[in-house]
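Structural overview
One-letter residues, chain by chain:
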Amino acid sequence: MAPTTATNKSNKKETGTLLVKKALPQMLKGGVIMDVVNAEQAKIAEEAGAVAVMALERVPADIRADGGVARMSDPELIMKIIQAVTIPVMAKARIGHFVEAQILESLGVDCVDESEVLTPADEEFHIDKSKFQIPFVCGARNLGEALRRIGEGAAMIRTKGEAGTGDVVEAVRHARAILGEIKKLTVLPAEERMTYAKNIGAPYELVKQIAETGKLPVVNFAAGGLATPADAALLMQLGVDGVFVGSGIFKSGNPLKRAQAIVKATTHFQDPEILAEVSRNLGEPMVGRTARSLSEAEMLAVRGV
Amino acid sequence: MQRNLAHKRCGLIQGVFLKIGILSLQGDFAEHLHVIKQCGVEGRLIKRSSQISDIDGLIIPGGESTAIAKLTSSDVTIFDTIRKKISSGMPVYGTCMGAIFLANEIEGSAQGRLGLMSIKVRRNGYGPQKSSFESEIDIPCLAADGKDNETFHAVFIRAPLILSCSPAVNVLASLDDNKEGSIVMAKEKNMLVSTFHPELTGDLRIHRYFLDMVKSSKLTN
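What comes next is a walk through the structure.

Residues and elements named next belong to chain A. Pairing in this closed barrel of eight strands is parallel, and the strands run S2-S3-S4-S5-S6-S7-S8-S9 around the ring. When strand polarity is set aside, the average angle formed by the axes of neighbouring strands in this sheet is 30 degrees. The sheet strands contacting helix H2 (residues 39-48) are strand S2 (32-36) and strand S3 (52-55), and the helix crosses S2 at an angle near 165 degrees.

Right under this line is the structure:
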């Protein structure tokens, strides 16, 4: 067979399209995205098999402990992390802070997390994510919130959970809410969809689309309070596409080992034998705090609209 | 000529049932499974070596190549089983991460790989995600018999470059404006790779091309 080389006159490249933005998270499915606060941690995450790292100044557990205003990380730190690893680098911008997002995009991060873990810059409006060349991931507690974010241009959704607690209960609640509402929507009579859209505050076109396809038009990860391999597998069995682990790794006794274990558990989430094996001797987990013990002012998931 | 005619038959020859495995440790394996089903062929998600013995062809999806390297290094049986099956002729198709995993040389990296295909790749060759793109490309081998070939809408996500390949490799498609590493689709014996993702755009032609490879292989053996 003779070699057949294509000779195109010009391959016009379109960047930053919705398809291109939605595709990046698709490649991360079945994987673990890990919070890191410096280049060393980023390397450990990559070594452990993370599909991406989330660069931030302090992990949520420390943000909780330290208090004060939490903002986008120092660009210098983000650049060091970008240079340290070959996997995608995400970084957090405050809710509604589109200038932080512009800065992150210009630095070359692969995805922006418009995150309730940072102190919101706008209590009424989120970032218009459709204007950006890179994808955004946003937190959601229920289907209405997820669809508002997708309507604004989010290319990926994650549960909010309750970050920095090591308590998985809120992530479970949010995953069940989102996935359960999707299932109900598929059996809802067509004439009820408009009122349903109105009641949950979601764009009608997206409600209609989900009623017909039975799934979100973007990838949906779990986040917020996951601390063990079993937590990751639990959320995967509930039906999310992958997981974020924040404080759970680098606030634990043996980060590399725990990170590797969570990566394996996310892949083999339906295999209790493997889960049992990877869960052994992981050392101390992060010190947890029950989500129920948080005062209203301490709850991060309620941030955003 | 025969190859082109076979394209029209949607992946199945009468009486020949194909089972396609999709390596499902991480990545967009569900998208590949969907496409394989659309082609009318049975697909199976593969996470353990015991699931590989009776498959006729394997797809290695898009994903993160360092993650797949770690996941296979901690389960040597799946790595060895896949390697042996491909070495003994089982057709394999790797998209993006799959192409990296099949390559025998990854620029500047010692990460784990199958290393079976004589290509040299550079990971993430176009830059960060803001340089990811979609484009229309020509893939002459997909031309239907007697018809003009339609271009293929290709999506490149933090895609690798194929910097060079041995003479044993057939280049099936290239981008012309990127002088270094312009190859985007190639084939060597039973191994097919593309640096883009046909599983994302609903065009079944490349998967059908691969299924033809699987069919021929099954009929020969």
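Both trends apply: most residues other than glycine have a negative phi, and most peptide bonds are in trans. Residues and elements named next belong to chain B. Phi at Arg 158 takes a positive value of approximately 40 degrees, unusual for a residue other than glycine. Overall, the relative accessible area of 11% leaves Arg 158 in the buried class. A positive phi angle is found at Lys 189, which is not glycine, with a value near 50 degrees. Counting through the fold element by element, Lys 189 comes out in the loop between strand S11 (183-188) and strand S12 (191-194).

The next subject is the pairing of strand S1 (residues 19-23) of chain B. Residues and elements named next belong to chain B. Among the five residues that make up S1, four are buried, leaving the element largely enclosed by the rest of the structure. Relative to strand S2 (residues 42-46), S1 is paired through five bridges, and the arrangement is parallel. Of the residues in S2, the one forming a bridge with Lys 19 is Glu 42. Each parallel crossover has a hand, and the one from S1 via helix H2 (residues 29-38) to S2 is right-handed.

All right, on to the packing of aromatic side chains then. Counted according to the given criterion, the structure contains nine aromatic pairs over all chains. With a centroid separation of 6.2 Å and an interplanar angle of 70 degrees, the aromatic rings of B:Phe79 and B:Phe101 are classed as edge-to-face. Here B:Phe79, found in helix H4 (residues 76-87), pairs with B:Phe101, found in helix H5 (residues 97-102); they are 22 residues apart in sequence, far enough to count as distant. On the accessibility criterion, B:Phe79 (17% relative accessible area) is buried. Judged by relative accessible area, which is 2%, B:Phe101 ranks as buried. Among the aromatic residues, ring-to-ring pairing joins B:Tyr126, B:Phe133, B:Phe152, B:Phe156 and B:Phe196 into one connected group. A:Lys13 extends its terminal NZ or CZ atom over the ring of B:Phe133, reaching a point 4.7 Å from the ring centre.

Scoring rules and cut-offs
- Residue indices begin from 1 for each chain and proceed along its sequence in written order.
- Just so you know, chain letters begin at A and ligand numbers begin at 1, following the order they were written in.
- Totals for whole chains, interfaces and linings use every residue, but because this is a predicted model, local features are given only for residues with pLDDT of at least 70 and side-chain atom pairs only at 80 or more, for both listing and counting.
- Excluded from the side-chain calculation are hydrogens and water; included are all heavy atoms of the structure.
- Paired strands, in this sense, are two strands between which DSSP finds at least two bridges.
- Numbering of helices and strands runs from the N terminus, with a helix taken as a DSSP run of H or I at least four residues long and a strand as a DSSP run of E at least two residues long.
- Only the stretch in contact is used when a helix axis is fitted, and all axes are lines through C-alpha atoms; the angle between N-to-C directions ranges over 0 to 180 degrees.
- The contact criterion used throughout is that any non-hydrogen atoms of two residues lie within 4.5 Å.
- Throughout, exposure labels follow a simple rule: accessible area from a 1.4 Å probe, protein chains only, divided by the maximum for the residue type, with under 20% read as buried, over 50% as exposed, and the rest as partly exposed.
- Assignment of crossover handedness uses the view with strands pointing away from the viewer, where a clockwise path from the first strand over the helix to the second indicates a right-handed crossover.
- Here a Phe, Tyr or Trp ring, Trp counted by its six-membered ring, pairs with any other such ring whose centre lies within 6.5 Å, and the pair is stacked when the planes are under 30 degrees apart, edge-to-face when over 60, and tilted otherwise.
- Whether a charge sits over a ring comes down to the Lys NZ or Arg CZ being within 6 Å of the ring centre and within 35 degrees of the ring normal.

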